[in-house]
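Coordinate analysis (summary)
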Amino acid sequence: MSTSDPKLNNTLASRLDASTHRARNNAMGMMALVASIRDQEAQIREGGGAKSIEAQHAKKRLTARERIALLLDPETELFELSLFAAFNMYEEWGGAPSAGVVTGLGRVAGRLCMIIANDATVKAGAFFPMTAKKVIRAQTIAMENRIPTLYLVDSAGVFLPLQEDVFPDQDDFGRIFRNNAVMSAAGIPQITAIMGMCVAGGAYLPVMTDHVLMTEGSGLFLAGPALVQAAIGQKYSAEELGGATMHAEISGTVDFKEPNDHLCIARLRSLVSKIGQGKQAPFSRTKFDAEKDAPTYPTKDLYSLLDPDPAKASVNTYDTHELIARIVDRSEFDEYRPDYGRTLICGYARIGGTAIGIVANQKTSQPQISHTGEKRVEFGGVIYAESAEKAARFIMDCNQNLVPLIFLHDVNGFMVGRDAEWSGIIRAGAKMVTAVSNSTVPKISVIVGGSFGAGNYAMCGKAYDPRFIFAWPTARYAVMSGASAANTLVEIKIRQLERGGKKLSEQEKQDLLASIKATYEEQTDCRYAAARLWVDAIIDPAKTREALMTALEAASLNPDVPKFNPGILQT
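Residues numbered from 1 in each chain as written. Predicted model: local features only at pLDDT ≥ 70, side-chain atom pairs only at ≥ 80, totals over all residues. Heavy atoms only, no water.

1. Describing the packing of aromatic side chains
- A full pass over the atoms with the stated rule returns 11 aromatic pairs.
- For the pair F127 and F173, a centre-to-centre distance of 4.8 Å together with 65° between the ring planes defines the contact as edge-to-face. Within this pair, whereas F127 is found in the loop between strand 3 (111-118) and helix 4 (129-145), its partner F173 is found in helix 5 (residues 173-185), the two being separated by 46 residues in sequence.
- Looking at F127, the relative accessible area reads 6%, which means it is buried.
- Ring-pair connections join several aromatic residues into one group, and the members of that group are F127, F173, F177 and Y204.
- The aromatic ring of W422 is capped on one face by R418, whose charged end is 4.6 Å from the ring centroid.
- The ring of Y528 has R532 lying over it, and the distance from NZ or CZ to the ring centre is 3.5 Å. (Phe/Tyr/Trp six-rings, centres within 6.5 Å; stacked < 30°, edge-to-face > 60°. Helix = DSSP H or I, 4+ residues; strand = E, 2+ residues; numbered from the N terminus. Buried < 20%, exposed > 50% of the residue type's maximum accessible area, 1.4 Å probe, protein only. Lys NZ or Arg CZ within 6 Å of the ring centre and 35° of its normal.)

Structure representation (structure tokens):
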């Protein structure tokens, strides 16, 4: 529903012509890239493959994804997180698709829940280092947003060949149980359904949650039969040692014993339906009509916005207002200081009825008049002193007025050079980074194109605690763009070789440049980042609005917004 005064025209105008040669080429390239990503996702979703799925079915158990499909409300889908976790990693061990665990947000009995399900088709659901980190990331999202969390457990425990990377550190396996306790203390509902093996340290997870469900034929024990016999010489069957009947009748550990996966999931849905509703966050939200409040312009136009060629990540030019116009309600946007610090766009809008503030990199070059009256052109995607100061003030305003923040990244970094240094770029940049760091309203980041250097920090990169961080398939980020980094690294390597007495020919220099550039480009790819959980999901550009609506709904479940204290700002 629009809240605009009839006399106020704050609807963004669009000049994007999707029929031009450039726009059509961009769209074809972007759609091909999206299709490639989707093909890889489909392969990842096969888990351990057909034979492993057959083995799971032979045990009369469903796979993790089959369980989730039953758990979710009809005609709804899982908003999957960290699907690319461990992508192209652990290949010496046969790989670990999606790190052997499925996580995401889904609607269960009408409630938005975080779902964490071990995939027993991948190494029997064993925990690789990235498995633990993926579960911890899902728990962190649940804690920050107070989302009810459902665990579907079917895991053999720690993957022993890599135990030194899974067991001891603060972001390793033990942190999961610590999080269980912290979430419980915070009043965040947690329910566990054991539908397979749950052994060793992993046995603590279900018992530290609110309710424990267990299917017949599953096992819950600190040590399995073989380890018990080896350790203390006693011989017991798995059922006698830690079966569902024993825990339901003798130890009293499980609350509900169910005959199979289907009935266990039905019980889980019934329990979720009885969870009470907590307070909502204090953010402004209007009545929302999905059809009437849709953006004025088609979201599919976003395919034609930028060139998906990786080499263009740092030189793509487009008017970022076109992006904003296709993700906000009714394409209405109240731009903050539009004529000042123009390489950063700041302003207020609504997404799904929720009021939000947007900080976005403007990718077209902008005219600017300096403090001395000199006319100049500022490069698109670069943060100057004026734009950093504007953004810092805007971020503080959003915190003052309880407005969640959305950051749209396509940034080359901060401006350099004598004029920039004289303008106080370091001081202005520090002001913006301080405001982002101490911001207490929810922050959500979308990496659209490049996100390089300190620009990534100022735009709320992963190190600055965004509630969610999404990436378009075109997202690339590192200390600097691929071309700049490759040339720098080649120069360093050549000097090292020349000091050792080796003189490279021009062809050898070109081969070295190509090799270094290829490696660097691979490491800046969004899939490389997603494999290491630097982003929560790679999203289809045309579904950016839907992703943000889901993230904002999740953020609204946490009613507590700490008092904003900006700290010392360099003035």
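Moving on, there is more to tell.
2. What about empty space enclosed by the protein?
- Following the criterion strictly, the structure yields 3 cavities of 30 Å³ or more and no others.
- As for the largest cavity, its lining consists of 16 residues, of which N118, F127, V153, S155 and L205 are closest to the centre.
- For the lining of the largest cavity, the elements supplying multiple residues, two or more each, are strand 3, strand 4 (149-155), helix 5 and strand 5 (190-199).
- Examining the composition of the lining of the largest cavity, we find that 4 residues originate from one element, strand 4, more than from any other. (1 Å grid on protein atoms, 1.4 Å probe; cavity = no way out; pocket = protein on both sides within 12 Å on 5 of 7 lines; lining within 4 Å. Points joined across faces, edges and corners; volume = space filled by probe spheres on them.)

3. Some details on helix 4
- Helix length check: helix 4, at 17 residues, gives a terminal C-alpha distance of 25 Å against a target of 24 Å (1.5 Å per residue), a fit within 8%.
- Most of helix 4 sits out of view: 13 of its 17 residues are buried.
- Following helix 4 by one or two positions, R146 has its phi on the positive side, about 55°. (Expected span 1.5 Å × (residues − 1).)

4. Section: unusual backbone geometry
- Non-glycine residue E75 carries a positive phi angle of around 65°.
- Note on placement: E75 falls in the loop between helix 3 (64-71) and strand 1 (79-81).
- In this structure, Y90 is a non-glycine residue whose phi angle is positive, near 55°.
- Tracing the chain through its elements places Y90 in the loop between strand 1 and strand 2 (101-108).
- The class for Y90 is buried, based on a relative accessible area of 12%.

5. Some words on the sheet that holds strand 19 (residues 537-538)
- Taken in spatial order, the 7 strands line up as 9-10-11-15-17-18-19 in an open sheet, and their pairing is mixed. Each of the sheet's edge strands pairs with one partner strand only, and the pair in question is strand 9 (334-336) and strand 19.
- As paired elements, strand 11 (residues 354-361) and strand 15 (residues 405-411) share 4 bridges and run parallel to each other. By the bridge assignment for strand 15, V359 is matched with F407. (Pairing = 2+ DSSP bridges.)

6. Here we look at the pairing of strand 6 (residues 211-215)
- Counting buried positions along strand 6 yields 4 of 5 residues, so the element is predominantly enclosed.
- When strand 5 meets strand 6, the two strands line up parallel, connected through 4 bridges. By the bridge assignment, I191 is partnered in strand 6 with H211.
- Two strands pair when backbone bridges link them, and strand 6 and strand 8 (residues 256-258) are joined in this way by 3 bridges, in the parallel orientation. Within the sheet, the bridge partner assigned to M214 lies in strand 8 and is K257.

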